[in-house]
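One letter stands for each residue in the lines below.
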Amino acid sequence: MRFERVRIRNFKCYADSELTLRSGVTVIHGVNGSGKSSLLEACFFALYGADAIDGTLDDVISNDAEEMSVDLWFTHAGAEYHVEREVKLRGDTAQTTTCILETPDATIEQVTDVEAHIEGLLRMDAEAFVNCAYVRQGEVNKLINASPSDRQDMIDDLLQLGKLEEYRERASDARVGVGRVRDDKQGALSQVESQIDEKESKNLHERLNALRDDLAELNDDIEEKAENRDEARKALETAENVLEEYEQRREEIEELDDEIEELASTISEADGEREALSERIRSLREATDTLREELSEATAETELDEADPEAVEERLDALDDEAEELRTEIEERRLEAQEYASDAETKRERAEERREQATEAREEADELEAEVAEARDELDDRGSNLEELHEEMESLRAELADSPIDREAVENHRDSVAEELTEAKEAVAELRTEVKNARETVAEAEQLLEEGKCPECGQPIEGSPHVDSIDDDRERVAELESDLDAAEERVEELEAKRERADELVETEAELTRLEEQTENVETLIEQREESLEEKADRIEALREQADDHEGAAEEATEAAEDAEASADTAREAIGELNGTKASLDERRERLERISELLDDIDENERDIEQLRERRDNKAEQNDLRRERLSDKRDRKTDLEAEFDHSAMEQAKEEKEKAESYLEDVEPYLEEQRETRDELQNEIGAVENELDELEALRERRETLQATVDRLESLYNEAYELQQTYADLRAELRQRNVEKLEAMLNETFQLVYQNDSYARIELDGDYELTVYQKDGTPLDPEQLSGGERALFNLSLRCAIYRLLSEGIEGQAPTPPLILDEPTVFLDSGHVSKLVELVESMTDHGVDQIIVVSHDEELVGAADDLIAVHKDPTTNRSSVERSATVEALS
């Protein structure tokens, strides 16, 4: 495998860069922190995605960027591939939005499918890639620092031996699973055999034969009794038919008696109804004659020549038209009268409202006049009070004028006097303290003098130069007492002065209050005067409004009287119209009576015709009934002649005999059937048990065959498990021998001292270094540089083993070394160069080294420089001009 080209955008410190990679040794160099390792991480990320980074996808997106993409073109086994990954921020989380692998055969999408295909191509996942081909910065000692078991797992996975262990574990799991199933089936087989033994001990076949014999005897008895029962049923049926026939004849005779009686009664009732109908017809004829006489009289009272229904209807229509016209005119007059009456009522209400408004206006005017009089009395009182306020203010102004202090300065004067009084009292207190101290000093000195000692030092006073100081102290006391008296007098003067200042402040405050009160009173008087004038104007306006309301009320009253007169006129017209309408209603009533009489006469004639038809119909029906009555009497006579009482008695005896037998045989048959059912159930149960026994025998054979197959499968799984284990051990030993040889070859190439003889690698990948004298050392006992070389040698040996294969070459990824010289001195760096060159000699097509060591840079086939812009903090790559010239 070989990396051909990589293009990165917003990956960590890179903004937008593209790099073509070539065969041979490529060295990527630059200052620390320039982004050299990030370039390799981008290639690793393109292959394995999130598994290739330490952290989250958010960490690989450049600062201030919302998305990132990496494209890697590579060749593998002669075929070209292109993988593309794109990551975008969605809210606070980065997500892979594009993951595509273009292969020679197809385009693969989705993260899981792409990574699975790459792992299949390289035969290694991300961890195996790091353990084999990618020596990351700071992880050069990873293999040597790993525990033997971890190192074993790493190397076995790289050499594909982990698959054999996986297969061995699968075979072991299969063997255990088969064993569980076999044990379950063996338990089931034992249970089935126990059930078979239990059923065979019951002698099911003998029991079944005995039950069948009992059932046959029982069936014969049931069949015999059933035949006898059927004959009894037939005899019963014959007797019942005879009795039923005689019963039917008797019932028919009784029914004929009832029908004959009913028909005779019906004929009699029908004759009565015919007579009633005839009487009803005669009555209707008489009523009709009376109606005709009344019709003749009613017609004479009208202008009609004869009582013709059409003429009556025409006249009624004409009267209806006239009545409608009268009703319309009456309604118009009624509405007119109602309108005049409503107008009169409205005007009377309006007149009343105006009178009430006039009364209210006069009452309001009277109230306002009373308020004005009362307010004027109050103003007179306030004027008297105002004069008193002016006199009091003049007195206070005179009092302030007698003071030497201006009115505006009285408060400042009081504060100044108060400050002087405070200072004077403090001076008095100080003087009192000084006087007290001075008196105590003099008293003490006088006591010492009496004792013959110096009042200052306490020494004997003989020869002392301070004998005269007591007189000075006494003078000091006198001066202080005099100053104290003066200060106390000053305090008394200031207290009197402060009292006068307080009085002046109070006088000034009172004067200010009186001035404000006077101003308020004068303002109030002015406002009241204005209000009184407004009220006087209001009184005059109210009285004018009252007069206007009175005039309007009189006019409304007159208009109401006119409207009432018009309403009376309309009512009189309505009365005349109602008289005309009453006359018209009387004429209409006479015509309606004629119409009703005509209708009644027609109705009576129709009823007479219907009654005649009903009477004739009843006569016809009675004729038919008499015929039916004669037939039924003849039928009854025939039935009475055919009735045989002796045959009926014989049939009753046969019926009772058959019923008695059936009553006894049915319980017997029911009991026998129950016994038969029980026998059949027992037979069925035995047959079921025999079927179950047969099924159990078949299941035993099936289970036995299954157990035998599972036992064979269990042994095969065990053999397969052992085969995988033996094959893994054999292949590991072959890999260990070859890896040990390659490791020694590589370590001897890079290690320039001769302190160590060889390196031993056992079957568990336990590493031991032997010194020249044969002393074994653990690799961790080597120095830092020696351990680094040891690990690089082991990594390169593993890579060679994978590249060359056990039985032929296998495609491997580029060998990537990230800062491999960290723990090496200058001498071993040159050996590392030889190691890199030897790897190319062993067929490694592409080696990529990240380093800032000049010797490695000089040995490169292709040199890539990485720079970081200090202003943008973004990295860029470029190919060295020297290498370009050489190529």
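Residue positions are given per chain, counted from 1 along the sequence in the order it is written. Totals for whole chains, interfaces and linings use every residue, but because this is a predicted model, local features are given only for residues with pLDDT of at least 70 and side-chain atom pairs only at 80 or more, for both listing and counting. Neither water nor hydrogens contribute to the side-chain values; these are computed over all heavy atoms in the structure.

Break down the overall build of the protein chain for me, citing the residues and quoting the values.
Only DSSP runs of H or I reaching four residues or more are called helices, and only runs of E reaching two or more are called strands; each is numbered from the N terminus. Helices and strands together make up the secondary structure of the protein chain, namely 15 helices and 15 strands. In terms of overall size, the protein chain is more extended than a compact globule, its C-alpha atoms giving a radius of gyration of 73 Å where 887 residues would be expected to give roughly 29 Å. In terms of its C-alpha atoms, the protein chain occupies a principal-axis envelope of roughly 175 × 150 × 90 Å. For each residue, the accessible area found with a 1.4 Å probe, counting protein chains only, is set against the maximum for its type, and the residue is called buried under 20%, exposed over 50%, and partly exposed in between. Going through the 887 residues of the protein chain one by one, you find that 37% of them count as buried. Contacts are assigned to residue pairs that have any heavy atoms within 4.5 Å of one another. A fraction of 76% describes how many contacts in the protein chain between residues 6 or more apart in sequence connect residues 24 or more apart. Surface summary for the protein chain: the accessible area is close to 51,200 Å², and the carbon and sulfur share equals 42%. Note that His is not counted, nor are the chain ends; the positive residues are Lys and Arg, and the negative ones are Asp and Glu. Note on charges: their place is set at NZ of Lys, CZ of Arg, CG of Asp or CD of Glu. Each charge sign in the protein chain was given a centre, from 107 positive and 258 negative side chains, and these centres are 8 Å apart. With C-alpha atoms as the basis for the radius of gyration, the globule rule is written as 2.2 Å multiplied by the number of residues raised to the power 0.38. Note on areas: these come from Shrake-Rupley sampling with a 1.4 Å probe, and a residue is covered only by the protein chains present in the view.

Any chance you could break down unusual backbone geometry for me, citing the residues and the numbers?
The backbone of R123 shows a phi angle near 55°, a positive value even though the residue is not glycine. Structurally, the position occupied by R123 is in the loop between α2 (111-122) and α3 (126-132). Within the chain, E819 stands out as a residue other than glycine whose phi angle is a positive 50°.

Can you tell me about the environment of E564, naming the residues and giving the values?
Inspection of the secondary structure assignment puts E564 in helix α10 (residues 469-642). Residue class for E564 comes out partly exposed when judged on its relative accessible area of 23%. C-alpha separation for the pair E564 and R168, spaced 396 residues apart in sequence, amounts to 129 Å. Aside from chain neighbours lying at most four places away, what touches E564 is A344, R348 and R571.

I'd like a rundown of the sheet that holds strand β11 (residues 776-777), residues and numbers included.
Paired strands are those between which DSSP finds at least two bridges. Spatially, the three strands line up as an open sheet ordered β9-β10-β11, and their pairing is antiparallel. The open sheet terminates on both sides in strands that have one partner only, identified here as β9 (756-761) and β11. Both strand β10 (residues 767-771) and β11 contribute to a ladder of two bridges, which runs antiparallel. Bridge pairing in β11 places V769 opposite L777.

Can you explain a negative patch on the surface? Please cite residues and give values.
Patch definition: residues above 30% relative accessible area lacking any salt bridge, with like charges linked at up to 9 Å and the nonpolar side chains Val, Leu, Ile, Met, Phe, Trp and Tyr linked at up to 5 Å. Should a side-chain nitrogen of Lys or Arg be within 4 Å of a carboxyl oxygen of Asp or Glu, the pair is scored as a salt bridge. Residues E516, E519, E522, E526, E530, E533, E534, D537, E540, E544 and D548 make up a contiguous surface patch of negative charge. Locating E516 in the fold gives a position in helix α10. E516 gets classed as partly exposed once you look at its relative accessible area, which sits at 47%.

How would you summarise the packing of aromatic side chains if you had to cite specific residues and measurements?
Within 6.5 Å between ring centres, the rings of Phe, Tyr and Trp (the latter by its six-membered ring) count as paired, and their orientation is classed by plane angle as stacked under 30 degrees, edge-to-face over 60, tilted in between. Applying the stated criterion across every chain, the model contains five aromatic pairs. Where F44 meets F129, the ring centres are 5.3 Å apart and the plane angle is 15°; that geometry is what we call stacked. With a gap of 85 residues between them, F44 in helix α1 (residues 36-48) and F129 in helix α3 connect regions that are remote in the sequence. Pairwise contacts between aromatic rings join F44, Y48 and F129 into one cluster. Throughout this description, the term charge over a ring refers to an Arg CZ or Lys NZ atom that lies within 6 Å of the ring centre and within 35 degrees of the ring normal. When the ring centre of W73 is taken as reference, the NZ or CZ atom of R5 above it lies at 3.6 Å.

So, the pattern of salt bridges: which residues are in play, and what are the values?
For the structure on display, the rule yields 47 salt bridges. Taking the shortest distance from any N to any O, the salt bridge between E353 and R350 comes out at 3.3 Å. With E353 and R350 both in helix α8 (residues 309-402) and three residues apart, the pair spans about one turn of that helix. Classification of R350 by relative accessible area gives partly exposed; the value is 35%. With its nearest N and O atoms 2.4 Å apart, the salt bridge here joins E510 to R513. On the criterion of helical spacing, the pair formed by E510 and R513 is a turn pair, its members being three residues apart in helix α10. Exposure remark for E510: the relative accessible area of 26% places this residue in the partly exposed category. Taken together, the shared-partner salt bridges in this structure form one network comprising R9, E67, E86 and K88.

Break down helix α9 (residues 410-451) for me, citing the residues and quoting the values.
Multiply 1.5 Å by the residue count of a helix minus one, and that product is the helix's expected span. The first and last C-alpha atoms of α9 sit 61 Å apart over 42 residues, in line with the 62 Å expected at 1.5 Å per residue. Residues V410, H413, V417, L421, A424, V428, L431, V435, A438, V442, A445 and L448 constitute the buried set of α9.

Can you lay out the side chain of S69 for me, pointing to particular residues and giving the numbers?
Among the structural elements, S69 can be located in strand β4 (residues 67-76). Judged by relative accessible area, S69 falls into the buried class, the value being 9%. Aside from chain neighbours lying at most four places away, what touches S69 is R7, I8, R9, R85 and E86.

Run through the packing of α1 against α2, naming residues and quoting values.
For every element, the axis is a line fit to its C-alpha atoms; helices are fit only across the contacting stretch, and the angle between N-to-C directions ranges from 0 to 180 degrees. It is at 8 Å that the axes of α1 and α2 come closest, and there the two elements cross at 105°. Between α1 and α2, the interaxial angle falls into the category roughly perpendicular. Residues A46, L47 and Y48 of α1 pack against E115, I118, E119 and L122 of α2. Residues are grouped as follows: nonpolar covers Ala, Val, Leu, Ile, Met, Phe, Trp, Tyr, Cys and Pro; charged covers Asp, Glu, Lys and Arg; every other residue, Gly included, is treated as polar. When its residues are assigned to classes, the contact of α1 with α2 shows five nonpolar, no polar and two charged. Every angle not falling under 35 degrees, over 145, or within 65 to 115 is termed oblique; those three ranges are roughly parallel, roughly antiparallel and roughly perpendicular.

How would you explain the side chain of R354 if you had to name every residue and give the values?
By the secondary structure assignment, R354 is in helix α8. Within the buried set, R354 has no salt-bridge partner at all; the shortest N-O distance to an opposite charge, 6.6 Å, is to E353. Once you skip the residues sitting within four places of it in the chain, R354 turns out to touch D548, H549, A552 and A553.

Please give an account of the pairing of strand β2 (residues 14-20) that cites residues and values.
With six bridges connecting them, strand β1 (residues 2-11) and β2 associate as antiparallel partners. Note that in β2 the partner of I8 across the bridge is S17. Between β1 and β2, which pair antiparallel and follow one another directly, the connecting turn spans two residues, one of which, K12, has a positive phi of 50°.

For the pairing of β10, give the residues involved together with the corresponding values.
With four of its five residues buried, β10 lies for the most part within the structure. Bridge analysis of β9 against β10 gives five bridges, and the strand direction is antiparallel. Across the sheet, the residue bridging to L761 is L767, located in β10. In this structure, the hairpin formed by β9 and β10 is closed by a connection of five residues, where Y765 is found at a positive phi of approximately 60°.

Summarise the state of the cysteines; cite the residues concerned and give the values.
When two cysteine sulfur atoms are found within 2.5 Å, that pair is recorded as a disulfide. What the rule picks out here adds up to zero disulfides. Lacking any disulfide linkage, C13 is separated from the closest cysteine sulfur, that of C43, by 13 Å. The buried category is assigned to C13, whose relative accessible area is 12%. We note that C99 lacks a disulfide partner, and the nearest cysteine sulfur, in C43, lies 15 Å from it.

I'd like a rundown of the confidence of the model for the protein chain, residues and numbers included.
On average, residues of the protein chain carry a pLDDT of 81, and 92% of them reach 70 or more. The predictor's confidence in any single residue is recorded as pLDDT, a number from 0 to 100. Taken element by element, the predicted model of the protein chain shows its lowest mean pLDDT in helix α15 (residues 881-886) (46) and its highest in β4 (94). Note on residues 463-467: pLDDT under 50 across the span, and four contacts to partners over four residues away in sequence or across chains. Of the regions scoring below 50 in pLDDT, residues 883-887 engages in six contacts with residues more than four places distant in sequence or in other chains.

Report on the environment of R9, specifying residues and quantitative values.
Here R9 lies in strand β1. Look at R9 and you get partly exposed, because its relative accessible area is 23%. Distance from R9 to S838, taken between C-alpha atoms, is 35 Å for residues 829 residues apart in sequence. Polar contacts here mean pairs of N or O atoms no more than 3.5 Å apart (in protein, one a potential hydrogen donor and the other a potential acceptor; neighbouring residues in sequence count only if both atoms are side-chain atoms). A distance of 3.3 Å separates a polar atom in the side chain of R9 from a polar atom in the side chain of E67.

Could you give an account of the nonpolar core, naming the residues involved and the relevant values?
The set of buried Ala, Val, Leu, Ile, Met, Phe, Trp, Tyr and Cys residues whose side-chain atoms join them within 4.5 Å is what this entry labels a nonpolar core. Within the largest apolar cluster, 99 residues are counted, with the highest numbers of intra-cluster contacts made by F3, L47, Y48, V70, L72 and F129. With eleven residues, helix α12 (residues 784-804) is the largest single contributor of residues to this core. Contacts of L47, omitting those with residues within four sequence positions, involve M1, F3, L72, F74, R85, E115, I118 and F129. In terms of nonpolar packing, the next biggest core, distinct from the first, is built from 23 residues, L386, V410, L504 and I539 among them.

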